[in-house]
Amino acid sequence: MRKMKDSGIAWIGEIPEGWEGIRLKELFNKKQGGAWGDEAKENENDRVCIRVADFDFERQAAKEGQKTVRNYNADVISKLQIQGNELLIEKSGGGEKTPVGRSILTDGLKGNLYANFIDKLPIKKANYPKYVAYYMKTLYQNNIVIPYIKQTTGIQNLDLESLLFEIIIVPQYIEQQQIADFLDKKCAEIDKLIELQESMIEKLKEYKQSVITQAVTKGLDPDVPLKDSGIEWIGKIPEGWTVVRIKNLPDYSCPNAFIDGDWIESTDISDEGIRYITTGNIGDGIFKRQGDGYILDETFQRLNCKYAYPEDIVFSRLNAPYGRSCILPNDEDKYVVAVDIVILRTSYNKKYICYYTQCQHYQHDVEDFSRGTAMKRISRNNLGLVKILLPPLEEQHQIADYLDKKCAEIDDLIKLKEQKIEKLKEYKKSLIYEYVTGKKEVC
């Protein structure tokens, strides 16, 4: 057991005797800002440009796959191209869940350039690059970068100059290497366990969709007589079932039974009034309680908005999976919904309909009716043309009740896997912290 002493730094705590306190900037040579360059010209000055979107923070490396190519003049290439043994750090961007300040190593990126939202930090030869990368990850994961983030608009900016004056405690090169090599091995083992849990989650999700598809296309009785559905990718369906278009589901005795939502400007959003629902609230069969937008009564009247009510079905016309749906909850007595939402008011079993919108055949049909290039959408008219299978009402209730129970069981299993992943990630985070700050010693 080696002797420990107080570091004098709250977030670090005790450190081994002999470890040195330095400014963070002493790990690096002079930082260099990136450049965005010009459109690619298919000449010798075209270079891969690493963007923050290319950061794989978990691996502290660039993501695999195709990257952006930009064109630079020779002087910029000579000055900024990546040499190796450097860190790239995000200095602008970020968000609420992923604050600015993530970093990666430049292994395998020699000769590439990097965008203007990134700074390059060449690592001094006295330090082991992988150890430095782990230390930077610990700074980020323990929120040490947070006080150095400035945000005056929607973009976060990292005050890197000030962050580099943060005092840190590091060992000599040999011990840095030992720690980094040990963490490489241990983190790889943890990552494999995480990948295994993620793979099991994907299989459970696939199983859930197959259970839903089977129930809403074949019913619950395996011995029921079948007939041809007339739809190629569905095949045979139970006798007594009908094929209907969504436009024939509304209860037209009710006002506004099948309508688009309203166009609401961001300046019309308030913090009180009538709850405003966006496509972000619509999950695959579930209502997501997120966002806190409201529309004032006077704004509602001025824009001549339409009400949606609890138990209405709402469909998202935007973002995959297109046409996903959920039932509005009883949180409020009325709602206003965004223009990329379709409201359906029906006397059929709403849960059955929402389950149907999660089956593979429905998603295949909706994809065929969606239009657009940069951002695909399905119009209300085209959504109305999508066919669904409709059993008798009593059977709709039975199928919905069966799927409620079955899907809840699968969702519980998925939740357990997600909890295991979170525990593994927390263990990995604490492991990195304990070794790079000397709490634990590599044996």
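Now for a description of the structure that goes with this document. (Residues numbered from 1 in each chain as written. Predicted model: local features only at pLDDT ≥ 70, side-chain atom pairs only at ≥ 80, totals over all residues. Heavy atoms only, no water.)

## Observations regarding the overall build of the protein chain
Applicable threshold: Secondary structure elements follow DSSP: runs of H or I no shorter than four residues count as helices, runs of E no shorter than two count as strands, and numbering proceeds from the N terminus. Burial classes follow relative accessibility: with a 1.4 Å probe on protein chains only, a residue under 20% of its type's maximum area counts as buried, one over 50% as exposed, and anything between as partly exposed. Throughout, a contact is declared for two residues whenever any of their heavy atoms are within 4.5 Å. Each accessible area is a Shrake-Rupley result for a 1.4 Å probe, and residues are judged covered by the shown protein chains and nothing else. When charges are counted, Lys and Arg contribute as positive and Asp and Glu as negative, whereas His and the chain ends are disregarded. A charged residue contributes its charge at one atom only: NZ of Lys, CZ of Arg, CG of Asp or CD of Glu.
When helices and strands are tallied, the protein chain shows 9 helices and 28 strands. Overall size of the protein chain, expressed as C-alpha extent along the three principal axes, is 80 × 50 × 50 Å. Considering the protein chain as a whole, with its 443 residues, one finds that 46% of them fall into the buried category. Within the protein chain, contacts between residues at least 6 apart in sequence are counted, and of these 74% link residues at least 24 apart. Accessible area for the protein chain stands at about 22,900 Å²; split by element, carbon and sulfur atoms hold 48% of it. Averaged over its 63 positive side-chain charges, the protein chain has a centre that lies 3 Å from the centre of its 69 negative ones.

## Things to note about the state of the cysteines
By definition, a disulfide links the sulfur atoms of two cysteine residues through a covalent bond. Spelled out, the test is: Defined by distance alone, a disulfide is two cysteine sulfur atoms within 2.5 Å.
In the structure shown here, the tally under the stated rule is 0 disulfides. Of all cysteine sulfurs, the one in Cys-354 lies closest to Cys-254, which takes part in no disulfide; the gap is 17 Å. Cys-187 provides the cysteine sulfur closest to Cys-443, a residue in no disulfide bond, and the two sulfurs are 17 Å apart. Owing to a relative accessible area of 97%, Cys-443 belongs among the exposed residues under this scheme.

## Some points on the pairing of strand E24 (residues 313–316)
Threshold: We call two strands paired when DSSP finds no fewer than two bridges between them.
Residue alternation in E24 divides its side chains into two sets, Ile-313 and Phe-315 and Val-314 and Ser-316, and both sets are buried. Where E24 lies against strand E25 (residues 325–327), 3 bridges are found, and the strand directions are antiparallel. In the sheet register, Val-314 faces E25, and the bridge partner there is Cys-326. Two strands pair when backbone bridges link them, and E24 and strand E27 (residues 341–344) are joined in this way by 4 bridges, in the antiparallel orientation. Of the residues in E27, the one forming a bridge with Val-314 is Ile-343.

## Focus: helix H4 (residues 173–218)
For clarity, the threshold we go by: Given a helix with a known number of residues, its expected span is that number minus one, times 1.5 Å.
In a regular helix each residue adds 1.5 Å, so 46 residues correspond to 68 Å; H4 covers 66 Å between its end C-alpha atoms and thus fits that length. Gly-219 lies just past H4 and shows a positive phi near 80°.

## Looking at the sheet that holds strand E13 (residues 113–114)
By definition, the strands of a sheet pair up through backbone hydrogen bonds, in either a parallel or an antiparallel sense. Strand order in this open sheet of 4 strands is E5-E9-E6-E13, and the pairing throughout is mixed. Here the strands that pair on one side only, and so sit at the sheet edges, are strand E5 (38–39) and E13.

## What to know about the pattern of salt bridges
Quick reminder of the rule: Salt bridges are counted wherever a side-chain nitrogen of Lys or Arg sits within 4 Å of a carboxyl oxygen of Asp or Glu.
With the rule as written, the count across this model stands at 29 salt bridges. Among the salt bridges present, the one from Lys-306 reaches Asp-262, with a minimum N-O distance of 2.9 Å. Linking Lys-306 in the loop between helix H5 (297–303) and E24 with Asp-262 in the loop between strand E21 (258–260) and strand E22 (274–277), this pair joins segments that are 44 residues apart in sequence. The buried category is assigned to Asp-262, whose relative accessible area is 9%. Ionic pairing is found between Asp-331 and Arg-289, a salt bridge with its closest N-O pair at 2.8 Å. In this pair, Asp-331 is assigned in the loop between E25 and strand E26 (335–337) and Arg-289 in the loop between E22 and strand E23 (294–295), connecting sequence segments 42 residues apart. Connected through shared salt-bridge partners, Asp-260, Arg-317, Asp-340, Arg-377 and Arg-380 make up one network.

## Details of the packing of aromatic side chains
Stated precisely, the cut-off is as follows: Two aromatic rings, drawn from Phe, Tyr or Trp (for Trp, its six-membered ring), form a pair once their centres lie within 6.5 Å of each other, and the interplanar angle then sorts them: stacked below 30 degrees, edge-to-face above 60, tilted otherwise. A positively charged side chain is recorded as over a ring if its NZ (Lys) or CZ (Arg) lies within 6 Å of the ring centre. The angle to the ring normal must also be within 35 degrees.
What the rule picks out here adds up to 10 aromatic pairs. Judged by centre distance (4.5 Å) and plane angle (40°), the ring pair of Phe-182 and Tyr-435 falls under tilted. On the criterion of sequence distance, the pair formed by Phe-182 in helix H4 and Tyr-435 in helix H9 (residues 393–436) is long-range, its members being 253 residues apart. Classification of Phe-182 by relative accessible area gives partly exposed; the value is 22%. Counting every residue linked through ring pairs, the aromatic cluster contains Trp-11, Tyr-131, Tyr-135 and Tyr-433. Over the ring of Phe-57 we find Lys-137; its NZ or CZ atom is 5.2 Å from the centre of that ring. The lysine or arginine in question, Arg-275, covers the ring of Tyr-294, its NZ or CZ lying 5.9 Å from the ring centre.

## Thoughts on empty space enclosed by the protein
The following threshold applies: Grid points spaced at 1 Å and placed over the protein atoms alone form the basis of the search, with a cavity being a set where a 1.4 Å probe fits but cannot get out and a pocket an open set showing protein on both sides within 12 Å along at least five of seven lines. Lining residues have an atom within 4 Å of a point. Grid points are joined across faces, edges and corners, and a volume is the space filled by probe spheres set on the points.
Taken as a whole and judged by the stated rule, the model has 1 cavity of 30 Å³ or more. Put simply, the largest cavity is a space of about 30 Å³. It is helix H7 (residues 360–369) that contributes the most residues to the lining of the largest cavity, 3 residues altogether.

## Side note on the sheet that holds E25
To keep things clear, this is the line we draw: Only the contacting stretch of a helix is used when fitting its axis, a line to C-alpha atoms as for every element, and angles between N-to-C directions run 0 to 180 degrees.
Read from one edge to the other, the open sheet built from 4 strands follows the order E21-E27-E24-E25, with strand pairing classed as antiparallel. Lying at the two open borders of the sheet, with one neighbouring strand each, are E21 and E25. The sheet shows a mean angle of 25° between the axes of neighbouring strands, taken without regard to direction.

## With respect to the layout of surface pockets
Spelled out, the test is: Note that Gly is not counted as nonpolar here; it falls among the polar residues with everything else outside the nonpolar set of Ala, Val, Leu, Ile, Met, Phe, Trp, Tyr, Cys and Pro and the charged set of Asp, Glu, Lys and Arg.
Taken as a whole, the largest pocket holds about 810 Å³ of empty space. In this structure, the largest pocket is lined by 25 residues; those nearest its centre are Lys-208, Asp-284, Gly-285, Ile-286 and Gln-358. Listed by contribution, the elements that provide at least two residues to the lining of the largest pocket are H4, E25, helix H6 (350–356) and H9. It is H9 that contributes the most residues to the lining of the largest pocket, 7 residues altogether. A class-by-class count of the residues in the lining of the largest pocket yields 10 nonpolar, 4 polar and 11 charged. The volume enclosed by the second largest pocket comes to roughly 460 Å³. Along the walls of the second largest pocket sit 17 residues, with Phe-57, Glu-58, Lys-97, Tyr-140 and Gln-141 positioned nearest its centre. Of all elements in the fold, only helix H2 (129–141) and H9 reach the threshold of two or more residues within the lining of the second largest pocket.

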